[in-house]
Amino acid sequence: MNVIEFIVGRRPIIPDTISTPPDDVIWRSIRPKPGEPVRAWRAESTCTVETGQGKLKARGGKDFIIEYAPADRAVIRGDIFERTYERVDEGEYVKRTDITLRYFTLDRPVIVATLEGKQRAAPGDWIVEGTADELWPVPQAKTASKYDPA
């Protein structure tokens, strides 16, 4: 620590933004676990959805908004949603468990440029690659309840 850092504090570290996986990551295969149905609907108009990791843009008539719990939402492109979810009741869906995905982790924070917007990933969070090669972060605390090794 130098004198300036002592007086004004350390400069904040600005995480890198990634839209593709780094070359040196170690991939692991996973499958979604069977889960409880979630509420989902097609966005009626273009809007912004607040998530715990950032703001996501939902395109009206094209993207789906998924509600896992009150105030716990995600946005998924329509074609990806239709490939990866099954309808179980009016407005309720479950994630298909026969799809194999893959993920990697990093030892530093990053911003992940998802299809719907930028989301923060902490060190150790899973960065999952989906069926359309899209990336999204999953907080480490949620991974055990959402995915099984494939």
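Colleague: Quick one: what's the story with the overall build of the chain, residue by residue and with numbers?
Modeller: Counting its regular elements, the chain contains three helices and 15 strands. For the chain, the spread of C-alpha atoms along the three principal axes comes to 65 × 35 × 25 Å. Within the chain, the fraction of its 150 residues that count as buried is 37%. Contacts spanning at least 24 positions in sequence make up 52% of the contacts within the chain whose residues lie at least 6 apart. Counting every atom, the chain has about 9,300 Å² of accessible surface; 50% of that belongs to carbon and sulfur. Taken together, the 23 basic and 24 acidic charged side chains of the chain have centroids lying 3 Å from each other.

Colleague: Explain the pairing of strand E7 (residues 72-77) to me, using residue names and the numbers behind them.
Modeller: A regular strand places its side chains on the two faces of the sheet in alternate fashion. Both strand E6 (residues 63-69) and E7 contribute to a ladder of six bridges, which runs antiparallel. Bridge assignment links isoleucine 66 to a residue of E7, and that residue is alanine 74. Hairpin geometry of E6 and E7 is characterised by an intervening segment of two residues between the two adjacent antiparallel strands and by a positive phi of about 65° at alanine 71.

Colleague: Residue-level account of the side chain of threonine 114, with values.
Modeller: As for its position among the elements, threonine 114 is in strand E11 (residues 110-114). On the accessibility criterion, threonine 114 (12% relative accessible area) is buried. A polar contact of 2.4 Å, which involves the side chain of threonine 114, links it to the backbone oxygen of glycine 117. If sequence neighbours within four positions are ignored, threonine 114 has contacts with Leu56, Gln119, Leu135, Trp136 and Pro137.

Colleague: An account of the pattern of salt bridges is requested, with residue identities and associated values reported.
Modeller: For the structure on display, the rule yields 13 salt bridges. With a shortest N-O distance of 2.9 Å, arginine 59 and aspartate 63 are connected by a salt bridge. Residue classification places arginine 59 among the partly exposed residues on the basis of a relative accessible area of 32%. Connected through salt bridges with shared partners, the residues Arg39, Glu67 and Arg73 form a single ionic network.

Colleague: Could you give me a rundown of the sheet that holds strand E12 (residues 117-121), with the residues and numbers involved?
Modeller: Each strand in a sheet pairs with its neighbour through backbone hydrogen bonds, running either in the same direction (parallel) or in the opposite one (antiparallel). Taken together, three strands build an open sheet; the order of strands is E1-E11-E12 and the sheet is mixed. Each edge of the open sheet is held by one strand with a lone partner, namely strand E1 (16-18) and E12. Direction aside, neighbouring strands of the sheet carry axes that sit 30° apart on average. Note that E11 and E12 share five bridges and pair antiparallel. Within the sheet, the bridge partner assigned to alanine 113 lies in E12 and is lysine 118.

Definitions and cut-offs
- Residues numbered from 1 in each chain as written.
- Predicted model: local features only at pLDDT ≥ 70, side-chain atom pairs only at ≥ 80, totals over all residues.
- Heavy atoms only, no water.
- Helix = DSSP H or I, 4+ residues; strand = E, 2+ residues; numbered from the N terminus.
- Buried < 20%, exposed > 50% of the residue type's maximum accessible area, 1.4 Å probe, protein only.
- Contact = heavy atoms within 4.5 Å.
- Areas by Shrake-Rupley, 256 points an atom, 1.4 Å probe, with all protein chains shown as cover.
- Lys, Arg positive; Asp, Glu negative; His and termini not counted.
- Charge placed at Lys NZ, Arg CZ, Asp CG, Glu CD.
- Pairing = 2+ DSSP bridges.
- Polar contact = N/O pair within 3.5 Å; in protein donor to acceptor, adjacent residues only side chain to side chain.
- Salt bridge = Lys/Arg side-chain N within 4 Å of Asp/Glu carboxyl O.
- Axes fitted to C-alpha atoms, helices over the stretch in contact; angles between N-to-C directions.

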